[in-house]
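Next come the chains, spelled out residue by residue.
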Amino acid sequence: MAEKEFKEGRRITIAEVAEACGINRMTLSKIAGQRGYSTVTDNLDRLCGYFQCEISDLVVYIPDSVTTDNSAES
């Protein structure tokens with residue numbers, strides 16, 4: 001959002017993004033502020049279209065803190 005604000009030289013609100021994308025404001029707030037929030041791919045697709053970006057610009061893979069013991073398979 002900050003990058004789009006910079007490019008357009010104006011403030012962009014969650015309400016504006018919600019209206020443009022057809023996504024509920026509460027859902028957008030959760031996506032933006034709640035780590036690990038799960039959303040549907042349709043929402044991600046709409047956001048990519050609005051921000052004109054790739055999915056990797058929106059999401060980051062964060063592995064679980066639990067380590068997997070691969071030695072048990074050997």
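An account of the accompanying structure is given in this report. (Residues numbered from 1 in each chain as written. Predicted model: local features only at pLDDT ≥ 70, side-chain atom pairs only at ≥ 80, totals over all residues. Heavy atoms only, no water.)

Attention shifts here to the packing of helix α2 (residues 14-21) against helix α4 (residues 41-51). The interhelical angle for the contact between α2 and α4, taken along N-to-C directions, is 110 degrees, at an axis separation of 10 Å. For the element pair α2 / α4, the angle class is roughly perpendicular. Of the residues in α4, those in contact with Glu-16, Val-17, Ala-20 and Cys-21 of α2 are Arg-46, Leu-47, Tyr-50 and Phe-51. (Axes fitted to C-alpha atoms, helices over the stretch in contact; angles between N-to-C directions. Helix = DSSP H or I, 4+ residues; strand = E, 2+ residues; numbered from the N terminus. Parallel < 35°, antiparallel > 145°, perpendicular 65-115°, else oblique. Contact = heavy atoms within 4.5 Å.)

Relative to the assigned elements, Asn-43 resides in helix α4. A relative accessible area of 12% means that Asn-43 is categorised as buried. Excluding its chain neighbours within four sequence positions, the residues that come into contact with Asn-43 are Ile-23 and Thr-27. (Buried < 20%, exposed > 50% of the residue type's maximum accessible area, 1.4 Å probe, protein only.)

A word on the environment of Ile-14. By the secondary structure assignment, Ile-14 is in helix α2. Considered as a pair, Ile-14 and Ala-32 are 18 residues apart in the sequence and their alpha carbons are 9.5 Å apart. Contact partners of Ile-14, with chain neighbours within four places excluded, come to Met-1, Arg-25, Leu-28 and Ser-29.

The tally for this structure, following the rule as stated, stands at 1 aromatic pair. Each ring, one from Tyr-50 and one from Phe-51, has its centre 4.9 Å from the other, and the planes form 80 degrees; the classification is edge-to-face. Given the relative accessible area of 16%, Tyr-50 is considered buried. One residue, Lys-4, lies across the ring of Tyr-50, its end atom 4.7 Å from the ring centre. (Phe/Tyr/Trp six-rings, centres within 6.5 Å; stacked < 30°, edge-to-face > 60°. Lys NZ or Arg CZ within 6 Å of the ring centre and 35° of its normal.)

In this section: the packing of α2 against helix α3 (residues 25-33). Viewed as axis vectors pointing N to C, α2 and α3 meet at an angle of 115 degrees, and their least axial separation amounts to 9 Å. Crossing angle aside, the handedness with which α2 passes α3 is right-handed. Residues Ile-14, Ala-15, Val-17 and Ala-18 of α2 pack against Arg-25, Leu-28 and Ser-29 of α3. Residues belonging to the contact of α2 with α3 are distributed by class as follows: 5 nonpolar, 1 polar and 1 charged. (Left-handed = near helix turned anticlockwise from the far one by under 90°. Nonpolar A, V, L, I, M, F, W, Y, C, P; charged D, E, K, R; others polar.)

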